[in-house]
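Coordinate analysis (summary)
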Amino acid sequence: MAIDESAILGIDIGSISLAVVLLDAQGSVLHQQYLGHNGHIQPILADAMDKLPVRQVGAFGVVAEKGREFFTTGIEVNEQVALIEGVRCDYPKVRTILSIGGENFGLILFDDQGRYKKYISNSACAAGTGSFLDQQALRLGLSGSEELSRIAAQYQGEPPKIATRCAVFAKTDLIHIQQQGYGLDAIAAGLSFGVAQNICDTLMHGTDLQTPMVAVGGVSRNRTVIQCIEKAAKVPIQVPDHCETMGALGAALIAQRQQAPEALPPLRIDELINTQPVKRSYFY
């Protein structure tokens, strides 16, 4: 389909996936993608850019944490700022944002007037995140956390307890629970329940949770996790239809606001990606 060059592109590259959102000049979503990259970011990114229905854009925003390494230009946006902008597009009165991504989870809190108050996150440990659920799903012979989520939703009983605070302990518990005769749905529900409990213990103990509360990130698709958090935190949680792409949406909206398309020449898609190998240096 033909789209004019005033379209706005936003990209969010996470630890296990990348999100792409394309907006028209009025801010409506024209195209979006959410793809796992398994660490092979550059070929997946190139494929995603090839699938865009445009060959040039009026502005480009990228979530800065990982995205700046892979592009030659673009407006860099902080991860939390991008999430806030994206969520407020659909939920202007949001007071709490729960973000559950591939390697971290956190709470963005606002005051009664909707002003930013603070951000609370987990430690460097990835227990309770999307990568943790993917790892456990593979141990169970599943394709990933998405399939694990679907199976967990089928279980109606009391789920078995699994030590989701540590991947090593979780492996031991999985073996023990399988030996006890629990089915796959019960184990999937136990993992989801444990992840939800870990999130609540880490982020919500003693925290005043205001509503509306919105959950974003890939793990938000796991309805069992969200229901367990709702029950433990005693607050309703809303999950956007496109919860995985909120960061990319926010980056696009900010780029649209900061870089007027009519003021600059359009950006060619095939010139945005940095084709040079990404070099990193590690220091102790």
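Attention in this report is confined to the structure presented alongside it. (Residues numbered from 1 in each chain as written. Predicted model: local features only at pLDDT ≥ 70, side-chain atom pairs only at ≥ 80, totals over all residues. Heavy atoms only, no water.)

Overview of the overall build of the chain
Scanning the chain from N- to C-terminus turns up 9 helices and 12 strands. Here the chain holds 284 residues, and 49% of them are scored as buried. Carbon and sulfur atoms provide 50% of the accessible area of the chain, an area that totals close to 14,100 Å². (Helix = DSSP H or I, 4+ residues; strand = E, 2+ residues; numbered from the N terminus. Buried < 20%, exposed > 50% of the residue type's maximum accessible area, 1.4 Å probe, protein only. Areas by Shrake-Rupley, 256 points an atom, 1.4 Å probe, with all protein chains shown as cover.)

Overview of the sheet that holds strand β3 (residues 29–36)
Taken in spatial order, the 5 strands of this open sheet run β3-β2-β1-β5-β6, and their pairing is mixed. Each having just a single partner strand, β3 and β6 (75–77) make up the two edges of the open sheet. Going from strand to strand, the sheet's axes swing by 15 degrees on average, the running direction of each strand aside. Of the pairings in the sheet, the one linking strand β1 (residues 8–13) to strand β5 (residues 59–63) comprises 4 bridges and is parallel in character. Across the sheet, the residue bridging to Gly-10 is Gly-61, located in β5. (Pairing = 2+ DSSP bridges. Axes fitted to C-alpha atoms, helices over the stretch in contact; angles between N-to-C directions.)

A short note on the pattern of salt bridges
All told, the structure shown has 8 salt bridges when counted by the stated rule. Between Glu-271 and Arg-268 there is a salt bridge, and its shortest N-O distance comes to 3.5 Å. Each of Arg-268, Asp-270 and Glu-271 takes part in salt bridges that share partners, so that together they form one network. (Salt bridge = Lys/Arg side-chain N within 4 Å of Asp/Glu carboxyl O.)

Regarding the pairing of β5
Of all the 5 residues making up β5, 5 are buried; the element is thus mostly covered by neighbouring parts of the structure. Neither face of β5 is open: one carries Ala-59, Gly-61 and Val-63, the other Phe-60 and Val-62, and all of them are buried. Where β5 meets β6, 3 bridges bridge the pair, whose relative direction is parallel. If you follow Val-63 over to β6, its bridge partner there is Val-77.

Structural notes on the sheet that holds strand β10 (residues 213–216)
Taken in spatial order, the 5 strands of this open sheet run β9-β8-β7-β10-β11, and their pairing is mixed. Single-partner strands in this sheet number two, and they are β9 (116–121) and β11 (237–238). Pairing analysis gives 5 bridges linking strand β7 (residues 96–100) to strand β8 (residues 105–110), with the strands arranged antiparallel. For Ile-100, the partnering residue across the bridge sits in β8 and is Phe-105. Across the face of the sheet, helix α3 (residues 79–90) comes into contact with β7, β8, β9 and β10 while running at roughly 65 degrees to β8. (Contact = heavy atoms within 4.5 Å.)

Concerning the side chain of Ser-192
Note that Ser-192 resides in helix α7 (residues 184–204). The exposure class assigned to Ser-192 is buried, which follows from its relative accessible area of 0%. Side chain to side chain, Ser-192 and Asn-222 meet in a polar contact 3.2 Å long. Non-local contacts of Ser-192, meaning those with residues more than four positions away in its chain, are made with Leu-148, Ala-152, Asn-222, Thr-224 and Val-225. (Polar contact = N/O pair within 3.5 Å; in protein donor to acceptor, adjacent residues only side chain to side chain.)

A word on the pairing of β1
Of all 6 residues in β1, 6 are buried, a share of seventy percent or more. Linking two consecutive strands that pair antiparallel, namely β1 and strand β2 (residues 17–23), is a turn of 3 residues.

Quick notes on unusual backbone geometry
With an omega dihedral of 5 degrees, the bond running from Thr-211 to Pro-212 counts as a cis peptide bond. Inspection of the secondary structure assignment puts Pro-212 in the loop between α7 and β10. A positive phi is found at Asn-38, a non-glycine position, where the angle reads about 50 degrees. Locating Asn-38 in the fold gives a position in the loop between β3 and α1 (41–50). Positive phi is not limited to glycine here, since Lys-234 has a value of about 60 degrees. Note on Lys-234: relative accessible area 72%, which makes it exposed.

As for the packing of α3 against helix α9 (residues 246–258)
At a minimum axis distance of 7 Å, the contact between α3 and α9 shows a crossing angle of 90 degrees. One element, α3, and the other, α9, form an angle in the roughly perpendicular class. The residues of α9 that touch α3, namely those facing Val-81, Ala-82, Leu-83, Glu-85, Gly-86, Val-87, Cys-89 and Asp-90, are Met-246, Gly-247, Leu-249, Gly-250, Ala-251, Leu-253, Ile-254 and Arg-257. Taken together, the residues that form the contact of α3 with α9 break down as 10 nonpolar, 3 polar and 3 charged. (Parallel < 35°, antiparallel > 145°, perpendicular 65-115°, else oblique. Nonpolar A, V, L, I, M, F, W, Y, C, P; charged D, E, K, R; others polar.)

A few points about the packing of helix α5 (residues 145–152) against α7
At a minimum axis separation of 8 Å, α5 and α7 run at an interaxial angle of 110 degrees. When the axes of α5 and α7 are compared, the pair comes out roughly perpendicular. In contact with Leu-148, Ile-151 and Ala-152 of α5, α7 contributes Leu-184, Asp-185, Ala-188, Ala-189, Leu-191 and Ser-192. Residue classes in the contact of α5 with α7 are distributed as 7 nonpolar, 1 polar and 1 charged.

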